[in-house]
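Read off the chains here:
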Amino acid sequence: MLAVLSPGQGSQKPGFLTPWLDLTGTEARLRWWSALAGVDLVHLGTAADAEEIKDTARTQPLLVAAALLAAEHLPMHDVAVTAGHSVGELGATALAGVLSAETAITLAGVRGREMAAACALEPTGMAAMLGGDADEVLAAVDAAGLYPANRNGAGQVVAAGTLAGLDKLAAEPPAKTRVVRLKVAGAFHTPHMTPAEETLAALAAGITPADPTRILLSNLDGSAVGHGRDMVQRLVRQVTAPVRWDLCMRTLADLGVTGVLELPPAGTLAGLVKRELKGAGAPEIVTLNTPDDLPAARDLIARHGGTPGPRPTPAFQVVVSPAPGTFEPAAELAEGTHLRTGEVIGRVVTGQGPVEVTAHGTGILTGWLAPHHAPVAPGQPLARIGGPA
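Residues numbered from 1 in each chain as written. Predicted model: local features only at pLDDT ≥ 70, side-chain atom pairs only at ≥ 80, totals over all residues. Heavy atoms only, no water.

1. A closer look at the layout of surface pockets
At step 1: Put simply, the largest pocket is a space of about 650 Å³.
At step 2: Lining the largest pocket are 30 residues, and of these Gln-9, Gly-10, Ser-11, Leu-182 and Val-184 lie nearest its centre.
At step 3: Element by element, the count of residues in the lining of the largest pocket is highest for helix H11 (residues 268-276), at 4 residues.
At step 4: For the lining of the largest pocket, the class distribution of residues is 13 nonpolar, 13 polar and 4 charged.
At step 5: In this structure, the second largest pocket spans a volume of roughly 240 Å³.
At step 6: In terms of lining residues, the second largest pocket is bounded by 17 residues, among which Asp-221, Leu-247, Ala-323, Thr-350 and Gln-352 are the most central.
At step 7: Every element with two or more residues in the lining of the second largest pocket is listed here: helix H10 (245-255) and strand S14 (353-358).
At step 8: The element best represented in the lining of the second largest pocket is H10, accounting for 4 residues. (1 Å grid on protein atoms, 1.4 Å probe; cavity = no way out; pocket = protein on both sides within 12 Å on 5 of 7 lines; lining within 4 Å. Points joined across faces, edges and corners; volume = space filled by probe spheres on them. Helix = DSSP H or I, 4+ residues; strand = E, 2+ residues; numbered from the N terminus. Nonpolar A, V, L, I, M, F, W, Y, C, P; charged D, E, K, R; others polar.)

2. A word on the packing of aromatic side chains
At step 1: Scanning the model with the defined rule gives 1 aromatic pair in all.
At step 2: Ring centres of Phe-327 and Trp-368 lie 5.8 Å apart, and the angle between their planes is 50 degrees; this geometry places the pair in the tilted category. Taken as a pair, Phe-327 in strand S11 (residues 325-329) and Trp-368 in strand S15 (residues 363-368) lie far apart in primary sequence, 41 residues in all. (Phe/Tyr/Trp six-rings, centres within 6.5 Å; stacked < 30°, edge-to-face > 60°.)

3. As for the pattern of salt bridges
At step 1: Going through the model one piece at a time under the given rule, you end up with 12 salt bridges.
At step 2: The salt bridge partner of Asp-221 is Arg-234, with a shortest N-O separation of 3.0 Å. Residue Asp-221 is located in the loop between strand S7 (215-216) and helix H9 (228-237), and its partner Arg-234 is located in helix H9; the two are separated by 13 residues in the primary sequence.
At step 3: For Arg-234, a relative accessible area of 13% gives the class buried.
At step 4: Overlapping salt bridges, with partners in common, bring together Asp-221, Asp-230 and Arg-234 in one network. (Salt bridge = Lys/Arg side-chain N within 4 Å of Asp/Glu carboxyl O. Buried < 20%, exposed > 50% of the residue type's maximum accessible area, 1.4 Å probe, protein only.)

4. Structural notes on empty space enclosed by the protein
At step 1: What the rule picks out here adds up to 2 cavities of 30 Å³ or more.
At step 2: By volume, the second largest cavity is sized at about 100 Å³.
At step 3: Counting residues per element, the ones that place at least two in the lining of the second largest cavity are helix H4 (88-95), helix H5 (101-119), helix H8 (194-204) and H9.
At step 4: Among the elements that take part in the lining of the second largest cavity, H9 stands out by supplying 3 residues, more than any other.
At step 5: For the lining of the second largest cavity, the class distribution of residues is 9 nonpolar, 2 polar and 2 charged.

5. Observations regarding the pairing of strand S4 (residues 147-153)
At step 1: Here S4 runs beside strand S5 (residues 156-162); their pairing, made up of 5 bridges, is antiparallel. Following the sheet pairing, Asn-150 is matched in S5 by Val-158.
At step 2: Linking S4 back to S5 in an antiparallel pair, the connection comprises 2 residues, with Ala-154 at a positive phi of about 50 degrees. (Pairing = 2+ DSSP bridges.)

6. Comments concerning the side chain of His-189
At step 1: With respect to the helices, strands and loops of the structure, His-189 is situated in the loop between strand S6 (177-181) and H8.
At step 2: A distance of 2.6 Å separates polar atoms of two side chains, one belonging to His-189 and the other to Ser-86.
At step 3: If near-sequence neighbours (up to four positions away) are discounted, His-189 is found in contact with Ser-86, Arg-111, Ala-149, Asn-150, Gln-238, Val-239, Thr-240, Ala-241, Pro-242 and Val-243. (Polar contact = N/O pair within 3.5 Å; in protein donor to acceptor, adjacent residues only side chain to side chain. Contact = heavy atoms within 4.5 Å.)

7. Quick word on the sheet that holds strand S1 (residues 2-6)
At step 1: Within the open sheet, the 5 strands sit side by side as S7-S2-S1-S8-S9. Their pairing is parallel. The sheet is open, and its two borders are formed by S7 and strand S9 (284-287), each paired with just one other strand.
At step 2: Sheet topology places strand S2 (residues 81-84) next to S7; 2 bridges connect them, and they run parallel. Counted as the bridge partner of Thr-82 is Leu-216 from S7.

8. As for the pairing of S2
At step 1: Judged by which residues are buried, S2 turns out to be covered on both faces: Val-81 and Ala-83 on one side and Thr-82 and Gly-84 on the other are all buried.
At step 2: Both S1 and S2 contribute to a ladder of 4 bridges, which runs parallel. When the bridges of S2 are listed, Leu-5 appears paired with Ala-83.

See the structure below:
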């Protein structure tokens, strides 16, 4: 099983898109997407310096464009899983068929501008905490009045909040923990970004998403998301919610992923996966940075690719498991029951607690697809609902 990963902010490098412009149609595509994003993606990806592409308003659409651009040269129909880190989720969501490329680029442009504007409201920042005991690190973040904005696994937590809080954390770090201040504009993935979330929510309300055509993982809790509207809501919520990349990697392991391909600018997520998923079951990893890497990427897909997750059809909705655990259907539901949108049909009991499973449309419960009280994997079909999807 193969997973394709889309990186987030901080992975960009000056000139990283330059070699891609040698491919026919690439520059024209970038100029079209530039009109949608409100920034010059050709300039930013080729001639801009590190300071210019560090600007949140520019970086976010640039990263989404880079991932989608590279994916156009890959046999994506053989990819089973997509996931992205922070703004990279927009690219992953488009690659899963939920959003068009144009919609993802437009949202990235708005997201970047609004998050940059939120950063300007008060001085805030972020710091990476490397090493230390996980519980002690999280306790120290809370004691400093900060938020755990990113939990990236492999002994890495990113704290975010006020500059005073970051100074306190640096002065009193937990044992065996190194605190590194990050060069970012503000406290992403915290309540400090609430104005940006509100603006993005208003825009996202006008989107008509499709359901995923492959397993799509969410930064919110690492779960597999089976319905497009749910994913759009999660994308909006993620602006102020922590990125749980640690849980996404846990789901990759639970799914039995054997190959991982990171899209450009690649390296950061591949490094995290390599450090977290070790041992005999470690996936083979390929980083795609230039067109010269395309043969290796296609070979990885050919050897590890397979049939994507369940595809909804016009006649039925397939409800899938959002997380690894034990499936417990709602006791009062029997086949033939008429279900309403949002009705709870059961829950998946996980190590972090129960996760509700809901119907994302109106219809008849025509059949259970998973044994009751049996272990299930993320994306595994649980029930079929007949009627309008």
